[in-house]
Amino acid sequence: MATHAEHVLILTGKDDWKSKIEDEEEGTLPYHNVMISNSSFPATPSTSPAEGSVPASAFLLRSFRYVPSIPTDAPSIATFTRAFLLPTALHRAHDALTPAQQAQQRRQPELQRQFRGARETTEILVLVCGHGGRDSRCGVMGPLLRAEFEDQLRAHNIRVLTGPPPAADTEAEQDGAARGHAPNARVGGISHVGGHKFAGNVIVCVPPAFTTNPLAGKAIWYGRVGPEHVQGIVRETLLRGTVIKELFRGGTDVGGDILTL
């Protein structure tokens, strides 16, 4: 699993992308790696798009946030980066900078107020690499796994959401999560996350609101997943909070830790 400080999941509504995500997006900060992936989830429609700019929507998978509307002009992207992606604490290599320069390199959470509708992620996210432009194994395995996850989630009485994610100021769709019960889920395809030799690659994100699950607030990376494993992942990981050692590639925690067994 690639080490990263934040994982930004862009909602594109498409099922395949350019061969290399870095051809579409740039996302590396010194000493603070930001991983960027595309996803098949549909973006939240904007009620007031800026002239000449089509807003983007993104899940932030390390911090379990959803930002429904991100203007895509350069100044707005810079503000989004300062608000959500810059580190809260600097690497010691920055000690030589002046206090003012260091302040420019740290996150400024007060800027998050400029992004209306940003909210905590309260739904389970099941992310399946289906990037056929990078490797045919994921291109073939991805759709099979997505269909099987949707079937197994429904079989375990977990509602699978298919529409655009709502913003914070819309009607809540996660009453169950607020009570600590199993929340709803979304299943989507994502672009290359590294390690096609581990196909099928699956990332399971358990929201912090799912308090009855011991893995709440964690993203678990699984590799070499086949359709025959999906029922066990839903039952053991999503409902019981158990990591399946034989499939485990790594994981991350909302607090910033990298998970190992």
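Preceding block: the structure.
Cut-offs used in this document
- Residues numbered from 1 in each chain as written.
- Predicted model: local features only at pLDDT ≥ 70, side-chain atom pairs only at ≥ 80, totals over all residues.
- Heavy atoms only, no water.
- Helix = DSSP H or I, 4+ residues; strand = E, 2+ residues; numbered from the N terminus.
- Contact = heavy atoms within 4.5 Å.
- Areas by Shrake-Rupley, 256 points an atom, 1.4 Å probe, with all protein chains shown as cover.
- Buried < 20%, exposed > 50% of the residue type's maximum accessible area, 1.4 Å probe, protein only.
- Pairing = 2+ DSSP bridges.
- Salt bridge = Lys/Arg side-chain N within 4 Å of Asp/Glu carboxyl O.
- Phe/Tyr/Trp six-rings, centres within 6.5 Å; stacked < 30°, edge-to-face > 60°.
- Core = buried A, V, L, I, M, F, W, Y, C linked by side-chain atoms within 4.5 Å.

## A few points about the overall build of the protein chain
Part 1 of the reasoning: When its secondary structure is counted, the protein chain shows five helices and 12 strands.
Part 2 of the reasoning: Considering only contacts within the protein chain whose residues lie at least 6 apart along the sequence, 69% involve residues at least 24 apart.
Part 3 of the reasoning: Counting every atom, the protein chain has about 12,500 Å² of accessible surface; 50% of that belongs to carbon and sulfur.

## Re the pairing of strand S4 (residues 56-60)
Two faces make up the sheet, and in a regular strand the side chains alternate between them.
Part 1 of the reasoning: For S4, a buried count of five out of five residues is recorded, marking the element as mostly surrounded by other parts of the structure.
Part 2 of the reasoning: Of the pairings in the sheet, the one linking strand S1 (residues 6-11) to S4 comprises three bridges and is antiparallel in character. Of the residues in S4, the one forming a bridge with Leu 9 is Phe 59.
Part 3 of the reasoning: Of the strand pairs in this sheet, S4 and strand S5 (residues 65-70) are connected by four bridges, and their pairing is antiparallel. Its bridge partner being in S5, Phe 59 is matched across the sheet by Tyr 66.
Part 4 of the reasoning: Hairpin remark: S4 followed by S5, antiparallel, with four residues in the connecting loop; positive phi at Phe 64, about 55 degrees.

## Focus: the pattern of salt bridges
Part 1 of the reasoning: Taken as a whole, this structure holds five salt bridges when the rule is applied.
Part 2 of the reasoning: Across the pair Arg 240 and Glu 236 runs a salt bridge, and its minimum N-O distance is 2.8 Å.
Part 3 of the reasoning: One salt-bridge network, held together by shared partners, links Arg 119, Glu 123 and Arg 186.

## Here we look at the packing of aromatic side chains
Part 1 of the reasoning: Throughout the structure, instances matching the rule amount to five aromatic pairs.
Part 2 of the reasoning: Taken together, a centroid distance of 5.3 Å and an interplanar angle of 40 degrees make the contact between Phe 80 and Phe 84 tilted. Pair noted here: Phe 80 and Phe 84 are both in helix H1 (residues 74-85), with a separation of four residues, about one helical turn. Here Phe 80 and Phe 84 have matching classes, each one buried.

## Some details on the nonpolar core
Part 1 of the reasoning: In terms of nonpolar packing, the biggest core is built from 26 residues, with Val 126, Phe 149, Leu 153, Val 202, Tyr 222, Ile 233 and Leu 238 touching the most fellow members.
Part 2 of the reasoning: Residue assignment for this core shows that the elements contributing at least two residues are strand S7 (124-129), helix H3 (136-155), strand S8 (185-190), strand S9 (202-206), strand S10 (218-222) and helix H5 (227-239).
Part 3 of the reasoning: Residue contributions to this core peak at four residues, all from H5.
Part 4 of the reasoning: Contacts of Leu 153, omitting those with residues within four sequence positions, involve Ile 158, Val 160, Ala 185, Val 187, Val 234 and Leu 238.
Part 5 of the reasoning: Grouped together as the second largest cluster of nonpolar side chains are 16 residues, Phe 59, Phe 64, Leu 125 and Trp 221 included.

## A short note on the environment of Leu 111
Part 1 of the reasoning: In this fold, Leu 111 is placed in the loop between helix H2 (99-105) and strand S6 (119-120).
Part 2 of the reasoning: On the basis of relative accessible area, Leu 111 is assigned to the buried category, the value being 14%.
Part 3 of the reasoning: Considered as a pair, Leu 111 and Ala 83 are 28 residues apart in the sequence and their alpha carbons are 5.0 Å apart.
Part 4 of the reasoning: With residues near it in sequence (within four places) discarded, Leu 111 still touches Thr 79, Arg 82 and Ala 83.

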